[in-house]
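Examination of the molecular architecture
Residue strings, one per chain:
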Protein chains: 2
Amino acid sequence: MGLEERRKRERENRKTAILRAARRLFFEKGFKSVTVESIARKAELSKGSIYLYYKGKEEIYAHILLNDIDKFHDRISDLLINPISASEVLIRLSSIYVDFFLNDRELFRILVRFMLHTPDMNLPEDLNNHIIKTTNKTISVIEQVFIYGIEKGEFQATLNLRLNRNAIWGMLNGIISLHLFTGIEKNRADIIQNTVKAGLEIYIRGISTALQAR
Amino acid sequence: MGLEERRKRERENRKTAILRAARRLFFEKGFKSVTVESIARKAELSKGSIYLYYKGKEEIYAHILLNDIDKFHDRISDLLINPISASEVLIRLSSIYVDFFLNDRELFRILVRFMLHTPDMNLPEDLNNHIIKTTNKTISVIEQVFIYGIEKGEFQATLNLRLNRNAIWGMLNGIISLHLFTGIEKNRADIIQNTVKAGLEIYIRGISTALQAR
DNA sequence: AGAACCGCGGTCAATATATGACCGCTGGTC
DNA sequence: GACCAGCGGTCATATATTGACCGCGGTTCT
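Residues numbered from 1 in each chain as written. Chains lettered and ligands numbered in written order. Predicted model: local features only at pLDDT ≥ 70, side-chain atom pairs only at ≥ 80, totals over all residues. Heavy atoms only, no water.

1. Things to note about the nonpolar core
- Counting 62 residues, the largest nonpolar core has I18(B), F26(B), I60(B) and F101(B) as its most contacted members.
- In terms of residue count, helix α5 (residues 86-102) of chain B provides more of this core than any other element does, 11 residues in total.
- Here this core gathers at least three residues from each of two domains, domain 1 (1-54) and domain 2 (61-213) of chain B.
- Look past the residues within four positions of I60(B) in its chain and what remains in contact with it is I18(B), L19(B), A22(B), F26(B), I50(B) and Y54(B).
- Membership of the second largest hydrophobic core comes to 61 residues, among which are A62(A), I139(A), I142(A) and L159(A). (Core = buried A, V, L, I, M, F, W, Y, C linked by side-chain atoms within 4.5 Å. Buried < 20%, exposed > 50% of the residue type's maximum accessible area, 1.4 Å probe, protein only. Helix = DSSP H or I, 4+ residues; strand = E, 2+ residues; numbered from the N terminus. Domains from an automatic or database assignment. Contact = heavy atoms within 4.5 Å.)

This is the structure we're talking about:
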């Protein structure tokens, strides 16, 4: 209700307005071909004002990445709260994964390049660390699901965690990459989701104890 | 989407924020005992800023009156769009009238003093004219209802328009004044509404053709 | 190759907006 | 009638915003 409070609130609003504007632009054009001027216009500000809120174009980009990565990690982590079965969690996880990156190709591109150790731009040190840390935490969720599945007797106890984690991870990225590369559009997302789901179910069958029981 | 546009929009937002803040204060304390500083605080601005948007306290008050009067007139005018019967319109009109002024005592006080030609403050010339004009238009709605009633054969054709208009108008104001004066509160509004409705129905019976038919 | 040019990220003097200490007046108190 | 308190309104100061401008890296022209 105060006066200081109002200015603070308005400052935050400006910052998020810039982020929202920039996010849409980066999403559809990529980092390089988005100009600061265009961000300013979309945020209904002048170019100079952008620099009152962020150090520069790169920092804006960094914030967007951080937001997206954290949001993604949160969505994935939520799966562990009330797991029904390990298989189910894996399937949901994949669905979230695919959905997220089909809506955020730019982030996907960044993360893939990160994984391949060929980043295409210099991000600030701490952002780099954050990305690596959060990505690892997210990947480790898959491992945790495997552990949970083994504990519940759902998966074979002899499962190689790292190997299987990498397999799932790779499969997801592969399918997404393939579809993005071949230019499939967002409104065909269901096709991709079905492809992933089908592949995953076969994969899960391969590592489940049910197979052994027969 | 533009930049000029954003600033214009924000200016309007500030103006309405001030008006909203001021309205609440005026409503509960009356014109004199509301300080500009208190309006500024409620609108989360400094006192000086208020004067960037309005010439002064009086102008703010004037705008509030204008808004309220126009809104009131609109609500009353809407009744003429799809009239069911003249009696029904009169009853609805009275209900809106009472409801409106129970929620806006300050405006009621002003308008009554206007009608009695004893305004308690000097308002700008054009505001004065607007109030008089709009008030007359609103009063004339009652006359139009009578005319409509006569045309539909609902009321006696010999009805004296001005006399009956004044009677209704006076009755409404009288009942509201009485209740405001005796300190009845807003949450007892139903009692006032029922009083008005009962009185009005008797009045309408008095001027309706149905009586003659018996 | 290198000259000439262009477009962009980033800067900064100029402008617009917001603030609150201050002024003069008024109405009340002793 | 001298004092005071409290208010509406002002204005020098502080903060926020703007867009013309700068320099640099990349691209085209000769």
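2. Overview of the protein's contact with DNA strand D
- Lining the immediate environment of DNA strand D, one finds 18 residues, of which S49(A), Y53(A), V36(B), K47(B) and K57(B) sit closest.
- What you see for DNA strand D is that sugar and phosphate hold 64% of its atoms within 4 Å of the protein.
- For DNA strand D, a phosphate oxygen lies 3.0 Å from a polar atom in the side chain of R6(B).
- Elements supplying a minimum of two residues to the surface near DNA strand D: α1 (3-29) and α3 (47-53) of chain A together with α1 (3-29) and α3 (47-53) of chain B.
- In terms of residue count, α3(A) provides more of the surface near DNA strand D than any other element does, four residues in total. (Near = heavy atom within 4 Å. Polar contact = N/O pair within 3.5 Å; in protein donor to acceptor, adjacent residues only side chain to side chain.)

3. Some words on the environment of K137(B)
Residue and element names in this part refer to chain B.
- Relative to the assigned elements, K137 resides in helix α7 (residues 125-151).
- Exposure remark for K137: the relative accessible area of 44% places this residue in the partly exposed category.
- Once the C-alpha coordinates of K137 and I76 are considered, the two residues, 61 residues apart in sequence, prove to be 10.0 Å apart.

4. Points about the relation of the copies chain A and chain B
- Mapping chain A onto chain B leaves a residual RMSD of 0.2 Å; the transformation is a rotation of 178 degrees accompanied by 0.1 Å of translation along its axis. Read as a symmetry element, the transformation amounts to a two-fold axis. The position closest to the rotation axis in chain A is occupied by the C-alpha of E10(A), lying 5.4 Å away.
- Interface overlap between copies is the fraction of interface residues in one copy that are interface residues in the other; for chain A against chain B it reaches 100%, indicating a shared surface. (Least-squares fit on C-alpha atoms with pLDDT ≥ 70 in both.)

5. A short note on the packing of helix α4 (residues 57-78) of chain B against α5(B)
Residues and elements named next belong to chain B.
- Put simply, α4 and α5 touch, their axes get as near as 10 Å, and they point 160 degrees apart. Classified by the angle their axes make, α4 and α5 are roughly antiparallel. Crossing angle aside, the handedness with which α4 passes α5 is right-handed. Contacts between α4 and α5 involve D68, K71, F72, R75 and I76 on the former and, on the latter, L93, I96, Y97, D99, F100 and F101. (Axes fitted to C-alpha atoms, helices over the stretch in contact; angles between N-to-C directions. Parallel < 35°, antiparallel > 145°, perpendicular 65-115°, else oblique. Left-handed = near helix turned anticlockwise from the far one by under 90°.)

6. Regarding the interface of chain A and chain B
- Across the contact, 11 residues belong to chain A and 11 residues belong to chain B.
- There are four salt bridges connecting chain A and chain B.
- A salt bridge links E10(A) to R14(B), with the nearest nitrogen and oxygen atoms 2.8 Å apart.
- Counting across the interface, chain A meets chain B through six residue pairs in polar contact (both at pLDDT 80 or more).
- A per-element tally of the side of chain A that touches chain B places α1(A) first, with five residues.
- Its residues assigned to classes, the side of chain A that touches chain B shows three nonpolar, two polar and six charged. (Salt bridge = Lys/Arg side-chain N within 4 Å of Asp/Glu carboxyl O. Nonpolar A, V, L, I, M, F, W, Y, C, P; charged D, E, K, R; others polar.)

7. As for α7(B)
Residues and elements named next belong to chain B.
- Compared with the 39 Å implied by 1.5 Å per residue over 27 residues, the 39 Å span of α7 between its first and last C-alpha is a close match.
- Three or more residues of α7 are buried, namely L127, I131, T134, T135, T138, I139, V141, I142, E143, V145, F146 and G149.
- Along its buried surface, α7 packs onto α4, α5, α6 (105-115), α8 (161-181) and α9 (189-207).
- Downstream of α7 by a residue or two, G153 has a phi angle that is positive, lying close to 75 degrees. (Expected span 1.5 Å × (residues − 1).)

Any functional reading would require information beyond the geometric quantities listed.
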